[in-house]
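# Inside the fold
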Amino acid sequence: DAGITQSPRYKITETGRQVTLMCHQTWSHSYMFWYRQDLGHGLRLIYYSAAADITDKGEVPDGYVVSRSKTENFPLTLESATRSQTSVYFCASSEWTGGAGYTFGSGTRLTVV
Amino acid sequence: QKEVEQNSGPLSVPEGAIASLNCTYSDRVSQSFFWYRQYSGKSPELIMSIYSNGDKEDGRFTAQLNKASQYVSLLIRDSQPSDSATYLCALAGGTSYGKLTFGQGTILTVHP
């Protein structure tokens with residue numbers, strides 16, 4: 001199916017474990033983004049990528065790692081999960097940087113216990 | 001000061017009324033402005049974009065931009081219960097070139 005998909009939809013993990021959230025888009029969009037959404041903070045950018053093998057930090061990158069070996073995939077890894085990383089994570093993709101073309105995935109609700 | 005600030009909610013309006021949502025921003029060089037709607041448990045979806053000073057209308061929605069005063073607003077006319085959602089203001093360009101910066105969102109409830 002065309003679109004942007006995230007997996008898993010829900011995840012519970014323990015403090016200290018490594019977790020990878022997956023994001024896959026079928027449009028061949030150049031730009032991909034990872035945001036986290038928390039009450040009172042809105043959406044905050046974690047990392048973004050302008051193309052395969054090009055990534056850059058956003059507003060809240062600490063504790064996260066990304067890679068983009070293929071245009072269509074942009075996984076987000078929490079190297080050692082902490083309770084403060086409990087959040088809803090949204091992946092988005094866009095053809096251009098202006099913002100109007102952002103399409104969001106359905107989100108991953110991550111709980112770190 | 002946060003880069004993007006939205007009027008604190010929640011905002012409650014009766015069905016058929018005009019809902020007014022406001023957003024101010026600190027980066028004068030910002031170029032593109034957007035309003036996203038997010039239903040509970042869902043992902044944000046774009047409803048309006050505006051790039052020039054003035055008003056832009058799309059159906060029941062009107063976006064207003066004033067770059068000199070650094071604010072952008074969204075008016076929803078004839079509000080419906082289905083408009084109940086969180087509305088997110090976002091901007092791009094300037095120091096945030098290449099990525100969207102979001103406000104914290106305003107919860108809107110339209111009651112019958």
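Before reading on, note that the structure itself is shown above.
Basis of the calculations
- For every chain, the first residue of the written sequence is number 1, and numbering continues from 1 along that sequence.
- Just so you know, chain letters begin at A and ligand numbers begin at 1, following the order they were written in.
- Owing to the predicted nature of the model, reporting of local features is limited to residues with pLDDT of at least 70; listing and counting of side-chain atom pairs is limited to 80 or more, with chain, interface and lining totals taken over all residues.
- With hydrogens and water set aside, each side-chain value is computed from the structure's full complement of heavy atoms.
- We call a set of buried Ala, Val, Leu, Ile, Met, Phe, Trp, Tyr and Cys residues a nonpolar core when their side-chain atoms join them within 4.5 Å.
- Relative accessible area decides the class of each residue, using a 1.4 Å probe on protein chains only: under 20% of the type maximum gives buried, over 50% gives exposed, and in between gives partly exposed.
- Secondary structure elements follow DSSP: runs of H or I of four or more residues count as helices, runs of E of two or more count as strands, with numbering from the N terminus.
- In this scheme, strands are said to pair when DSSP sees at least two bridges between them.
- Only the contacting stretch of a helix is used when fitting its axis, a line to C-alpha atoms as for every element, and angles between N-to-C directions run 0 to 180 degrees.
- A side-chain nitrogen of Lys or Arg and a carboxyl oxygen of Asp or Glu constitute a salt bridge if their distance falls within 4 Å.

Grouped together as the largest cluster of nonpolar side chains are 23 residues, with contacts concentrated most on B:Trp35, B:Val72, B:Leu74, B:Ile76 and B:Tyr87. Residue assignment for this core shows that the elements contributing at least two residues are strand S3 (19–25), strand S4 (32–38), strand S5 (45–50), strand S7 (61–66), strand S8 (71–76), strand S9 (85–93) and strand S11 (106–111) of chain B. Counting residues in each nonpolar core, the second largest holds 19 residues, with A:Val19, A:Phe74, A:Tyr89 and A:Leu110 among its members.

Attention now moves to the sheet that holds S7(B). All names here are of chain B. Read from one edge of the open sheet, 5 strands run S1-S3-S8-S7-S6, paired in antiparallel fashion. Only two strands of the sheet have a single neighbouring strand rather than two, namely strand S1 (4–6) and strand S6 (54–58). Adjacent strand axes in the sheet meet at a mean angle of 15 degrees when their direction is disregarded. The pairing of S6 with S7 spans 5 bridges and is antiparallel. Bridged to Asp-58 within S7 is Phe-61.

This next bit is on the pattern of salt bridges. Residues and elements named next belong to chain A. Applying the stated criterion to the full structure yields 6 salt bridges over all chains. With a closest N to O distance of 2.8 Å, Asp-38 and Arg-36 form a salt bridge. Neither residue differs from the other here; Asp-38 and Arg-36 are each classed as buried.

All names here are of chain A. Pairing is antiparallel across the open sheet formed by 4 strands, whose spatial order is S1-S3-S8-S7. Two strands lie at the open edges of the sheet, namely strand S1 (4–7) and strand S7 (64–66), each paired on one side alone. Within the sheet, the average angular offset between the axes of one strand and its neighbour, ignoring direction, is 15 degrees. In the sheet, S7 pairs with strand S8 (residues 76–78) via 3 bridges, with the strands oriented antiparallel. Opposite Val-65, over in S8, you have Thr-77 as the bridge partner.

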